[in-house]
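# Notes for the structure review
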Amino acid sequence: MRYREAHAATSGSVPFTPRGRKPARTVLATAIAGAIGLVPAVMVSSPAFAATSSSDVTLAAGGGAGITPTEAQSATLTLTWVPATAPATNLTWSTADATATAGSDYTAVKAQPISFTGGGAGATATLNVSTLADTLYEGAETFKVNVYDPNNATPIATQTVTITDSQSAPDVAVTPASVTEGNNGWHSQTFTLTMTPASQAVQAVHWAAVDTGSAVDGTDFKAASGDVTFASGETTKTFTVDINGDKTYDGADETFDIGITAINRPGTSTMSDVTSTNQPFTTTITDDDAKPTYSVPNINATAGAAASAALVAIKLSNPTDLPVAFALTSSPGTAANNTEFSLPAQTVTIPAGSDTGYGVLLINGTTVFGPTKSATIIATPGSNKSELAGAGATAANATLTIANGATAPVITISPDKVAPGDSVHVIATVTGSSSADTPVNFTFAGGSVNGSKAASPSDFSGPTTTSITIPANTASGTTYDLGALTTTKPTTSQPDKTILVSGVAFGGGATVKNSVITITAGSGTPTPGSLTISAPSNVQGAVAVPVTGMAAASTAVELWGAPVGGGDMAKLQTTTSDAKGSYAFSRWIGMGYKFSVHSGSDTSKVVTVTVTQVPVFVASTTKGMASFAVQGNPRAAGQTVIVQRYLGGKWANVARGLTGSNNQWRGAVKIASGTMVAVRAFVAGDTTSGIMGGYSDIKRFKIK
């Protein structure tokens, strides 16, 4: 607005003439008149400064990306003037955040003046907003473009701009794709969830490891699941799955699957945006176990009076996931199948997941003393032998060693007394049997025993040295006549005198019990033809008992007997004494027994033979356990069985029970794996029946 001087004035009012557009002059003149009191001051609106309304303009997408730009593109909007009048010159525009944030998602605009191109209706102004790129997934975000008139506090035009994210929705993958099984039992395997790209918003997923592959839940791995939350900007999370590091050869690698699903963001009902395009993720458990080797440990057994069982263990260096079968056979050595032992045809199967299988053979009982013998036990792989090292092409051999548990025969001499002037036959009685011929030499000579007077050569006549050969497998109780011993009848009184009878058995096949024959001072010994009886006072286990003695030559002799537990004496056997008057019986007993002999009108004294238990004891072991089987010898149902273990320098009871109807007792106790143990079995006796309690041999082994 400019004005010019109308005239020079010295005082009073200053006349002037407003210049410019007429509407402006009118407004200004009215204002001045009001100010100097000519007319009231009343403001009159001018059409050039009238407020612009929302109907005067339209705001819409312009060229290029318009109102849907992708990150790093510019949003372009077109503001169009609608009235026919000249466009307003006082409009401004600004941006405002919605879900997008100025400075990180787009460049803000504040009160930017708008300049239209053209005049009147259809005049336009172009508004440009730069969007910003980033590496985070944010999804579609929006901001507002607002057009303002200074006379109106609210926008006269608004348009929403949507920024399209240049990043695709996050995708989640699982690594690693394979894990090594290991050999140390159950262990946790860490898996990594990787989300690409990172997300500005919190994302959550559910993972689940399931046995949809060849791996078995609970055997190869443990199925599991869980939820994982990615905070803003995070790209990795971890979880664990338990893997079984066993030693089992599986034949092939095993697999299980891990699935990924999107879930609601924590504390909201809004579903996460993540995907997992490659699920399920198959995880391979790499089997690092080799095919097992196989072996059969050597077997050591003792042949006792009764048959006993022995286990044949077939061992794998590590288990397989399939059962493996072996056929058991034998090759004879000094021992042979069905003679010293019995190995029935059998197949031993080692179960899947186990490293040991057991066959069984029978050690045949014997009462014949002999050497240790051996044979070869052969385990030949059968079904699933391809699971074994070398494809099971060769057999595994073990040596079976059978120690002879019989006692070497014992040779005793009778009688032990002879009267002066008498003549008796010296009898050698063999108790026990040997598998080999046994030569024996005997010597008779006067000698002092415990201060006795030694007999002189003039006190007796008969054998001074003699020899016999006991043939192999001679029955226990067999007697040999070593010759007649005749004593000299003294003319005067004299004390007892002693003759020493000693012997040597060659080859270790027997022992000779050195004896003393006393020439008595009186007449306390039987005269020729008088009955004598001799039998062991005790035997070990149920065996045949030798009963021997002297009777009149070539006469009938009857053996009578009755159980110790009660009952009348009854005739058991009859024999005839030989030309020298010696006789012998053999009678099997399984309890205490009383014996006497009758010949003609003579009856011998009664001798009692008791029986001591010799238990059959089998012990075996599995993981953390010791198992026992006991059978009495003599055997019967209801016998008390006690198993003892050697602990702290003494024997302690660890198990007990009664034999069943099959005359056996079986039981087991827990013992820590790797423990060396020594155990024995005791079977109680019944003294009223002449049966004494007895212990088995000691078994020593390591608990698996």
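In short, a report on the structure. (Residues numbered from 1 in each chain as written. Predicted model: local features only at pLDDT ≥ 70, side-chain atom pairs only at ≥ 80, totals over all residues. Heavy atoms only, no water.)

### Here we look at the overall build of the chain
Spelled out, the test is: The way it works is that DSSP assigns letters per residue, a run of H or I at least four long becomes a helix, a run of E at least two long becomes a strand, and they are numbered from the N terminus. Values of the radius of gyration come from C-alpha atoms, whereas the globule rule sets the reference at 2.2 Å times the count of residues to the power 0.38. With a 1.4 Å probe rolled over the protein chains alone, any residue whose accessible area is under 20% of its type maximum counts as buried; one over 50% counts as exposed, and the rest are partly exposed. Whether two residues touch is decided by their heavy atoms; if any such pair falls within 4.5 Å, the residues are in contact.
A tally of regular secondary structure across the chain gives one helix and 56 strands. In terms of overall size, the chain is more extended than a compact globule, its C-alpha atoms giving a radius of gyration of 59 Å where 704 residues would be expected to give roughly 27 Å. Dimensions of the chain, computed from C-alpha atoms along their principal axes, come out at roughly 210 × 55 × 45 Å. Burial statistics for the chain: of 704 residues in total, 39% are counted as buried. The contacts of the chain with a sequence gap of at least 6 include a subset with a gap of at least 24, amounting to 68%.

### Topic: the nonpolar core
We apply this condition: Nonpolar core, defined: a set of buried Ala, Val, Leu, Ile, Met, Phe, Trp, Tyr and Cys residues in which side-chain atoms within 4.5 Å join the residues together.
Of all hydrophobic cores here, the largest spans 27 residues; its most connected members are Ile-314, Phe-326, Phe-341, Leu-361, Ile-363, Ile-377 and Leu-400. For this core, the secondary structure elements donating two or more residues are β19 (299-303), β20 (308-316), β21 (324-332), β23 (346-350), β24 (356-363), β26 (373-381) and β27 (396-404). Ignoring sequence-local partners within four residues, the contact set of Leu-400 consists of Ile-299, Phe-341, Leu-361, Ile-363, Lys-373, Ser-374, Ala-375 and Ile-377. By size, the runner-up hydrophobic cluster in this structure holds 25 residues, among which are Leu-77, Trp-81, Ala-100 and Val-109.

### Quick word on the environment of Lys-144
Inclusion rule: Whenever two N or O atoms come within 3.5 Å, that pair is a polar contact, provided that in protein one can donate a hydrogen and the other can accept it, and provided that, for residues adjacent in sequence, both atoms are side-chain atoms.
For Lys-144, the location among the structural elements is in strand β8 (residues 141-148). Distance in space between the C-alpha atoms of Lys-144 and Thr-162 is 9.0 Å, their sequence separation being 18 residues. Of note is the side chain of Lys-144, whose polar atom sits 2.7 Å from the side chain of Thr-160.

### Some thoughts on empty space enclosed by the protein
Short version of the rule: Grid points spaced at 1 Å and placed over the protein atoms alone form the basis of the search, with a cavity being a set where a 1.4 Å probe fits but cannot get out and a pocket an open set showing protein on both sides within 12 Å along at least five of seven lines. Lining residues have an atom within 4 Å of a point. Grid points are joined across faces, edges and corners, and a volume is the space filled by probe spheres set on the points. For this classification, the nonpolar set comprises Ala, Val, Leu, Ile, Met, Phe, Trp, Tyr, Cys and Pro, the charged set comprises Asp, Glu, Lys and Arg, and every other residue, Gly included, is treated as polar.
For the structure shown, the criterion picks out one cavity of 30 Å³ or more. A volume near 30 Å³ is recorded for the largest cavity. Taken together, Pro-409, Val-430, Gly-432, Ser-433, Ser-434, Ala-436, Thr-438, Ile-470, Pro-471, Asn-473 and Thr-474 form the lining of the largest cavity. Tallied by class, residues from the lining of the largest cavity come to five nonpolar, six polar and no charged.

### So, the side chain of Thr-518
Along the chain, the position of Thr-518 falls in strand β39 (residues 515-519). Owing to a relative accessible area of 15%, Thr-518 belongs among the buried residues under this scheme. Those residues in contact with Thr-518 that lie beyond four places of it in its chain are Asp-416, Lys-417, Val-418, Asp-496, Lys-497 and Thr-498.

### What to know about the sheet that holds strand β16 (residues 254-262)
Cut-off, in case you're wondering: Any two strands between which DSSP finds at least two bridges are classified as paired. Between N-to-C directions, angles span 0 to 180 degrees; the directions come from axes that are lines fitted to C-alpha atoms, helices contributing only their stretch in contact.
Read across the open sheet, the five strands follow the order β11-β17-β16-β13-β14; overall the sheet is mixed. Strand pairing shows two members of the sheet lacking a second neighbour, β11 (178-180) and β14 (224-230), which therefore form its edges. Pairwise comparison of adjacent strand axes, ignoring direction, gives a mean angle of 25° for this sheet. The sheet contact formed by strand β13 (residues 203-210) and β16 spans six bridges and is antiparallel. When the sheet's bridge partners are listed, His-206 is paired in β16 with Thr-261.

### Brief notes about the packing of aromatic side chains
What describes a pair of aromatic rings is the distance from one ring centre to the other and the angle between the planes of the rings. What counts here: Here a Phe, Tyr or Trp ring, Trp counted by its six-membered ring, pairs with any other such ring whose centre lies within 6.5 Å, and the pair is stacked when the planes are under 30 degrees apart, edge-to-face when over 60, and tilted otherwise.
What the rule picks out here adds up to 12 aromatic pairs. Measuring from ring centre to ring centre gives 4.3 Å for Phe-221 and Phe-256, while their planes differ by 10°; the resulting arrangement is stacked. Here the residue Phe-221 occupies a position in the loop between β13 and β14, and Phe-256 occupies one in strand β16, the gap between them amounting to 35 residues. In this structure Phe-221 comes out as buried when scored by relative accessible area, which is 0%. Owing to a relative accessible area of 0%, Phe-256 belongs among the buried residues under this scheme.

### As for the pairing of β24
By the bridge criterion, eight bridges tie β20 to β24 in an arrangement that is antiparallel. Paired with Ala-313 across the bridge in β24 is Tyr-358. Of the strand pairs in this sheet, strand β22 (residues 341-342) and β24 are connected by two bridges, and their pairing is antiparallel. Bridged to Ser-342 within β24 is Leu-362.

### Here we look at the pairing of strand β43 (residues 570-576)
By the bridge criterion, six bridges tie strand β42 (residues 556-563) to β43 in an arrangement that is antiparallel. In the strand pairing of β43, Glu-558 is matched with Thr-574.

### Concerning the sheet that holds strand β34 (residues 460-461)
To summarise the sheet geometry, strands pair through backbone hydrogen bonds and adopt either a parallel or an antiparallel arrangement. If you trace the five strands from one edge of the open sheet to the other, you get β34-β36-β30-β28-β38, paired in mixed fashion. Because the sheet does not close on itself, it has two edges, and the strands there are β34 and β38 (511-512).

### Observations concerning the pattern of salt bridges
Worth spelling out the cut-off: Counted as salt bridges are all cases of a side-chain nitrogen of Lys or Arg within 4 Å of a carboxyl oxygen of Asp or Glu.
Considering all chains together, one arrives at six salt bridges under this definition. The residue Asp-273 makes a salt bridge to Arg-265 at a minimum N-O spacing of 2.9 Å. Note on Asp-273: relative accessible area 30%, which makes it partly exposed. Relative accessible area serves as the criterion here: at 13%, Arg-265 is assigned to the buried category.

### A few points about the side chain of Asp-105
Selection criterion: Lys and Arg are tallied as positive, Asp and Glu as negative. Neither His nor the chain termini are counted.
For Asp-105, the position within the fold is in the loop between β5 (92-97) and β6 (112-113). With no salt bridge to any partner, buried Asp-105 finds its closest opposite charge in Lys-110, at an N-O distance of 14 Å. Looking at Asp-105, its side chain comes within polar contact range of the main-chain nitrogen of Thr-101, at 2.8 Å. When near neighbours in sequence (up to four residues on either side) are disregarded, Asp-105 contacts Ala-100, Thr-131, Leu-132, Asp-134, Glu-138, Glu-141 and Ile-163.

### Section: a nonpolar patch on the surface
As a reminder, the rule being used: Patches draw on residues past 30% relative accessible area with no salt bridge. Two like charges within 9 Å are joined, as are two nonpolar side chains (Val, Leu, Ile, Met, Phe, Trp, Tyr) within 5 Å. For the area figures, the Shrake-Rupley method with a 1.4 Å probe applies, and any residue is considered shielded solely by the protein chains shown.
Taken together, the side chains of Leu-311, Tyr-358 and Val-360 define a hydrophobic patch exposed on the protein surface, amounting to about 220 Å² of accessible area. Checked against the element boundaries, Tyr-358 lands in strand β24. Look at Tyr-358 and you get partly exposed, because its relative accessible area is 33%.

### So, unusual backbone geometry
Residues Thr-175 and Pro-176 are joined by a peptide bond in cis, for which omega reads 0°. When you line up the elements, Pro-176 lands in the loop between β10 (171-175) and β11. Here Asn-338, not a glycine, exhibits a phi torsion of approximately 70°, which is positive. Following the sequence through the fold, Asn-338 ends up in the loop between β21 and β22.

### Description of the environment of Ser-554
Take Ser-554: it is sitting in the loop between β41 (543-550) and β42. By relative accessible area, Ser-554 is classed as exposed at 52%. Placed 67 residues apart in sequence, Ser-554 and Thr-621 show a C-alpha to C-alpha distance of 59 Å. Dropping the residues within four chain positions of it, Ser-554 is found in contact with Thr-576, Ser-577, Asp-578 and Ala-579.

Any functional reading would require information that these geometric values do not contain.
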